[in-house]
Amino acid sequence: MSYKSILLNLGIDGPIEPLTRVAIDLAKRFDARLIGFCAADAPLPVTMAPEGAAIAAELWEHLRDEIRQRLGSVRGEFESLVAGAVKTDWRGAIENPDHALARSSRLADLIVTSASQGASTGDSYRTADPGSLVLRAGRPVLVAAHGATDLPVGKVVVAWKDTREARRAVADALPLMTIANEVTIVAIDRNPDDWIRDGVKDAASFLTGHGIKARTEVIKTDDDDGNRLVDFLASVNAELVVSGAYGHSRLREWVFGGVTRSLLDEVWLNRLMSS
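Quick caveat, the model's predicted, so the values are computed rather than measured.

Turning to the overall build of the protein, a few remarks are in order. Each helix and strand counted, the protein has nine helices and 12 strands in total. Dimensions of the protein, computed from the C-alpha atoms along their principal axes, are close to 70 × 45 × 30 Å. Burial status across the protein gives 48% buried among its 275 residues. Considering only contacts within the protein whose residues lie at least 6 apart along the sequence, 80% involve residues at least 24 apart. For the protein, the computed accessible surface area is about 13100 Å², with 48% contributed by carbon and sulfur atoms.

The subject of this paragraph is the pairing of strand S1 (residues 5-9). Burial runs high along S1: five of the five residues are buried. Here S1 shows no split at all, with Ser5, Leu7 and Asn9 on one side and Ile6 and Leu8 on the other all buried. Pairing analysis gives five bridges linking S1 to strand S2 (residues 33-40), with the strands arranged parallel. Bridge pairing links Asn9 to Phe37 in S2. As for the winding sense of the linkage, the β-α-β connection from S1 through helix H1 (residues 17-30) to S2 is right-handed.

Moving on, we get to the pattern of salt bridges. Overall, the coordinates contain 14 salt bridges when judged by the stated rule. Glu61 is the salt-bridge partner of Arg64, the closest N and O atoms lying 3.9 Å from each other. Here Glu61 and Arg64 lie together in helix H2 (residues 52-82), a separation of three residues that amounts to about one turn. The partly exposed category is assigned to Glu61, whose relative accessible area is 38%. Between Glu165 and Arg164 there is a salt bridge whose closest N-O contact spans 3.4 Å. By relative accessible area, which is 17% here, Glu165 ends up buried.

Leu34 and Met177 are the most contacted members of the largest nonpolar core, which has 59 residues in total. Per-element tally for this core: the top contributor is H1, with seven residues. With near-sequence residues (within four places) excluded, Leu34 lies in contact with Ile6, Leu8, Ala23, Ile24, Ala27, Phe78, Val82, Val86, Lys87, Thr88 and Asp89. Counting residues in each nonpolar core, the second largest holds 34 residues, with Leu7, Ala128, Val141 and Leu233 among its members.

Now for the packing of helix H8 (residues 225-235) against helix H9 (residues 258-265). Between H8 and H9, the shortest axis-to-axis distance is 8 Å and the interhelical angle comes to 40 degrees. Looking at the two axes, H8 sits oblique to H9. The interaxial crossing formed by H8 with H9 has right-handed handedness. In contact with Asp225, Gly226, Leu229, Val230 and Leu233 of H8, H9 contributes Val259, Ser262 and Leu263.

Attention now goes to empty space enclosed by the protein. By the definition in use, this model includes one cavity of 30 Å³ or more. By volume, the largest cavity amounts to about 30 Å³. Lining the largest cavity, in full, are Lys155, Val156, Val157, Glu182, Thr184 and Val236. If one sorts the elements of the lining of the largest cavity by residue count, strand S6 (residues 155-159) sits on top with three residues.

Position of Leu101 among the secondary structure elements: in helix H3 (residues 97-104). The sequence separation of Leu101 and Arg91 amounts to 10 residues, and the corresponding C-alpha distance is 9.6 Å.

For Asp31, which is not glycine, the phi torsion reads 50 degrees and is therefore positive. Summarising the element assignment, Asp31 is placed in the loop between H1 and S2. Even without being glycine, Asn237 reaches a positive phi, approximately 55 degrees. Within the secondary structure, Asn237 sits in the loop between H8 and strand S9 (240-244).

Thresholds applied
- Residues numbered from 1 in each chain as written.
- Predicted model: local features only at pLDDT ≥ 70, side-chain atom pairs only at ≥ 80, totals over all residues.
- Heavy atoms only, no water.
- Helix = DSSP H or I, 4+ residues; strand = E, 2+ residues; numbered from the N terminus.
- Buried < 20%, exposed > 50% of the residue type's maximum accessible area, 1.4 Å probe, protein only.
- Contact = heavy atoms within 4.5 Å.
- Areas by Shrake-Rupley, 256 points an atom, 1.4 Å probe, with all protein chains shown as cover.
- Pairing = 2+ DSSP bridges.
- Right-handed = clockwise from strand over helix to strand, strands pointing away.
- Salt bridge = Lys/Arg side-chain N within 4 Å of Asp/Glu carboxyl O.
- Core = buried A, V, L, I, M, F, W, Y, C linked by side-chain atoms within 4.5 Å.
- Axes fitted to C-alpha atoms, helices over the stretch in contact; angles between N-to-C directions.
- Parallel < 35°, antiparallel > 145°, perpendicular 65-115°, else oblique.
- Left-handed = near helix turned anticlockwise from the far one by under 90°.
- 1 Å grid on protein atoms, 1.4 Å probe; cavity = no way out; pocket = protein on both sides within 12 Å on 5 of 7 lines; lining within 4 Å.
- Points joined across faces, edges and corners; volume = space filled by probe spheres on them.

This is the structure:
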């Protein structure tokens, strides 16, 4: 397995160079096509003036024209940064970023994005919600560390839980773990039992079948699972954490499980998540 198509989600605001550098690095490693993506929209203005509808429509078109111009600028910068280093494509849309990105995920083996505000969304008209992306895309999502310009994968940690999501994440991360120097599978639980230990061993056996040697850790904790996991990641200097993503939709918002939220909020981490 390899990544042959990488979808790079770029925000319409702020610098795009660091994240683009991460994606270029990945595309070079796997000889993949890199698809730049950016989407934003503008809310329909509300006015109480008698001629309000016409004024609102005119202002809305003006805001969308500004977005159109900014999309052109982002595309130009993306193409300049790539400069023929890898095969590229581009997708830009004046549309809700969540909807446009979820739909475009069908193009890719892997999605690369950032979450500078952690699990918080920011302006939903201009920023893709990480919860919507990870839980709706149907593809593995690499959430790059804030400000990173490459993706070191010397030390990879799998945050193991015997669930569909974690099993999917381990399979999705195989190309990255194949080139890692060290892989650790860790399970954290308040009452670790033989079921959990057997699951960790089986996950390690699965990786062995793909030529990946992994050590295992089962940690008993009285603390919050997410906090203990973050402490462990820091203690081993993890460069990439692989995990399932857990959550559900509630009144148009995505509500995360505790560990998923903890990982998204640790913006210093590179995180590969699947659901």
